Amino acid sequence: MSGLALEFPPVSHVTEWPTIFGDGLFAVNKVVLLMWLSVLIVFGLFYAASRRSRLVPTGVQNLAESIVDFVRDGVVLQTMGPEGMSFLPLLVMMFTFIFLTNIWEVIPVAQMPVNGRIALPAFMGVLVWVLYNFIGIRSQGFFGYFKSVLFPPGVPKALYILVTPIEFVSTIIVRPFSLAVRLFANMLAGHLLLVSFITITTAVFTLGPSLVIWPVSFGLLVALTGFEVLVAVLQAFIFTILTAVYIAGAMHPEH
Amino acid sequence: MELLNVLAQQEPGELAEGLTAVGRGIVYGAAAIGPGIGIGIVVGNAITAMARQPEAAGMVRTTMFLGIAFTEALALFGFVLSFIVAG
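Source: prediction; values computed, not measured.

**Let's talk about the overall build of chain B**
Secondary structure summary: chain B contains three helices and zero strands in total. Along chain B, from the amino end to the carboxyl end, the secondary structure elements read α-α-α. Scored against the burial criterion, the 87 residues of chain B give a buried share of 28%. When the accessible surface of chain B is summed, it comes to about 5,600 Å², and 69% of that surface belongs to carbon and sulfur atoms.

**Considerations on a nonpolar patch on the surface**
Residues Ile20, Phe21, Leu33 and Trp36 of chain A make up a contiguous nonpolar surface patch of roughly 390 Å² in combined accessible area. Looking at the element boundaries, Trp36 of chain A is found in helix H2 (residues 30-51).

**Comments concerning the interface of chain B and chain A**
Each partner contributes to the interface: chain B provides 14 residues, whereas chain A provides 21 residues. Surface buried jointly by chain B and chain A totals about 1,400 Å² across both partners, of which 83% is contributed by carbon and sulfur atoms. On the surface where chain B and chain A come into contact, there are zero salt bridges. For the interface between chain B and chain A, the tally reads one residue pair in polar contact (both at pLDDT 80 or more). Here the side of chain B that touches chain A is built from residues that sort into eleven nonpolar, two polar and one charged.

**Considerations on helix H4 (residues 88-103) of chain A**
An α-helical turn contains 3.6 residues, so a residue and the one three or four places further along point in the same direction. Residues and elements named next belong to chain A. Here H4 contains 16 residues, and its C-alpha end-to-end distance of 22 Å stays within 8% of the 22 Å for a straight helix at 1.5 Å per residue. Within H4, twelve of the 16 residues are buried, which leaves the element mostly enclosed by the surrounding structure. If you check which residues of H4 are buried, you get Leu88, Leu91, Val92, Met94, Phe95, Thr96, Phe97, Ile98, Leu100, Thr101, Asn102 and Ile103. Looking at the packing, one finds that the buried side of H4 touches H2, helix H3 (60-79), helix H5 (119-140), helix H7 (160-206) and helix H8 (214-251).

**Here we look at the packing of aromatic side chains**
Tallied over the full model, the rule gives twelve aromatic pairs over all chains. Seen in terms of ring centroids, Phe142 of chain A and Phe143 of chain A are 5.4 Å apart; in terms of plane orientation they differ by 85 degrees. Their pairing is edge-to-face. On the basis of relative accessible area, Phe142 of chain A is assigned to the partly exposed category, the value being 47%. Judged by its relative accessible area of 70%, Phe143 of chain A is exposed. With centroids separated by 5.1 Å and ring planes inclined at 90 degrees, the aromatic side chains of Phe79 of chain B and Phe83 of chain B adopt a geometry described as edge-to-face.

**A few points about the environment of Gly226 of chain A**
Within the secondary structure layout, Gly226 of chain A lies in helix H8. When the C-alpha atoms of Gly226 of chain A and Asp69 of chain A are compared, they prove to be 24 Å apart, with 157 residues separating the residues in sequence.

**A word on the pattern of salt bridges**
Residue and element names in this part refer to chain A. Considering all chains together, one arrives at two salt bridges over all chains under this definition. Linking Asp69 and Arg72 is a salt bridge whose minimum nitrogen-to-oxygen distance equals 3.5 Å. Remark: Arg72 and Asp69 occur in helix H3; sequence separation between them is three residues, near one turn of the helix. Here Arg72 falls in the partly exposed class, since its relative accessible area comes to 29%. Of the charged contacts, one joins Asp73 and Arg72 as a salt bridge, the two residues approaching to 3.5 Å between their closest N and O atoms. By relative accessible area, which is 39% here, Asp73 ends up partly exposed. Via salt bridges that share partners, Asp69, Arg72 and Asp73 belong to a single interconnected network.

**Considering the nonpolar core**
The biggest cluster of nonpolar side chains holds 65 residues, and the ones touching the most others in it are Met80, Leu91 and Phe239 of chain A. When residues of this core are assigned to their parent elements, the largest contribution, 16 residues, is made by H8 of chain A. Contacts of Leu91 of chain A, omitting those with residues within four sequence positions, involve Val71, Val75, Val76, Met80, Thr240, Thr243 and Ala244 of chain A. The next biggest cluster of nonpolar side chains, apart from the first, holds ten residues, and it includes Val14, Ala185 and Val195 of chain A together with Phe79 of chain B.

**A short note on the confidence of the model for chain B**
Residue and element names in this part refer to chain B. Per-residue confidence for chain B gives a mean pLDDT of 84, with 84% of residues at or over 70. Considering each helix and strand of chain B separately, the mean pLDDT is smallest for helix H1 (residues 2-8), with a value of 63, and largest for helix H2 (residues 12-52), with 89. Two summary scores accompany this predicted model of the complex, namely pTM at 0.86 and ipTM at 0.74.

Here is what the cut-offs are and how they apply
Every chain is numbered independently, its residues counted from 1 as its sequence is written. Labels follow written order: the first chain is A, the first ligand is 1, and so on. Owing to the predicted nature of the model, reporting of local features is limited to residues with pLDDT of at least 70; listing and counting of side-chain atom pairs is limited to 80 or more, with chain, interface and lining totals taken over all residues. Side-chain descriptors were evaluated using all non-hydrogen atoms of the structure, hydrogens and water having been removed beforehand. Per the convention used, a helix needs a DSSP run of H or I reaching at least four residues, while a strand needs a run of E reaching at least two, with both numbered from the N terminus. Relative accessibility decides the category of a residue: with a 1.4 Å probe and only protein chains considered, values under 20% of the type maximum give buried, values over 50% give exposed, and everything between is partly exposed. We get accessible surface area from the Shrake-Rupley algorithm with a probe of 1.4 Å; when it comes to residues, only the shown protein chains can shield them. Only residues whose relative accessible area exceeds 30% and that form no salt bridge are eligible for patches; like-charged ones are grouped when within 9 Å, while nonpolar side chains (Val, Leu, Ile, Met, Phe, Trp, Tyr) are grouped when within 5 Å. Think of a salt bridge as a Lys or Arg side-chain nitrogen and an Asp or Glu carboxyl oxygen that are within 4 Å of each other. The contact definition used throughout considers only heavy atoms, calling two residues in contact when any of these lie within 4.5 Å. A quick way to say it: buried area is the sum, across both parts, of accessible area lost when two parts are put together, with a 1.4 Å probe. Within 3.5 Å is the distance limit for a polar contact, defined as a pair of N or O atoms, with the added protein rule that one can donate a hydrogen and the other accept it, and that residues adjacent in sequence qualify only through two side-chain atoms. Each residue is assigned to one of three groups, with Ala, Val, Leu, Ile, Met, Phe, Trp, Tyr, Cys and Pro labelled nonpolar, Asp, Glu, Lys and Arg labelled charged, and all others, Gly among them, labelled polar. One fewer than the residue count of a helix, multiplied by 1.5 Å, yields its expected span. Pairing of aromatic rings covers Phe, Tyr and the six-membered ring of Trp, with a centre-to-centre limit of 6.5 Å; geometry is then stacked below 30 degrees between planes, edge-to-face above 60, and tilted otherwise. In these notes, a set of buried Ala, Val, Leu, Ile, Met, Phe, Trp, Tyr and Cys residues joined through side-chain atoms within 4.5 Å is what counts as a nonpolar core. pLDDT is a per-residue confidence score from the predictor, ranging from 0 to 100.

As structure tokens, then:
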């Protein structure tokens, strides 16, 4: 190992960014700036697409319509059916925003997924939690909703001792937590993976005799970058479709 | 513990550091076993279903991703926990 200058940076070094301006709770660093940029891009994309909409879409309208089509056919109609169409704008926004905040991971200069910090995933997890509980209470009534969540029908009476606590924990506590952690951990893991391979590639490159294996590590780095693009799309899709599934579950009692 | 330090010819702090690293590895490794098997079962059955009924492939794929997401969450909890453990 003596010849190889292989030193992996600690996790805090690749996820914590220095403050650019502001202080205390409102300090703004690169991650926050990237998040604001994502908001602006999402708003700009759909505003530009709808401002001069034509029957035959061109340019940016094409892109926006294909996103809406994808979310409508792949998410809303698959999980909620036609009655879930009123949630289409929310889910389209959610999908686009999460995808953009993820894709910063592979874009040069930025190279930091906003969801690689827990703040934004945690906020969106809480948002989804409030949303589906609100919809459940609104469409089934307070007691009706909690009755259908905690006492699912078709279970022998004696088993409710076992089933009710499990249902309570899995529906009320674990759902927002797992939503947030799934997105966060996937993006953090991807970020660390890319950092590790970049470290290996530079270490091998600076080492003269091992130059033969440099294309291998570099090729793997390129392949992993492509893989991370796939992960960014997939995580945005999974977050959106789980939100849709939770809302669909809250709209109707189980039977 | 002291005997171990003497045997390994190192400072006490180094041993704790090394054990922390081992612990992290075990936490993540153990957490990845179950989801690894689980995702294999989910995807394998989804492929069987798609091969039997190619016209239902779209629906099967959506459900497969859902199943993967639920199963994978456990491994990711382990991943996060491996940073938290003896942080």
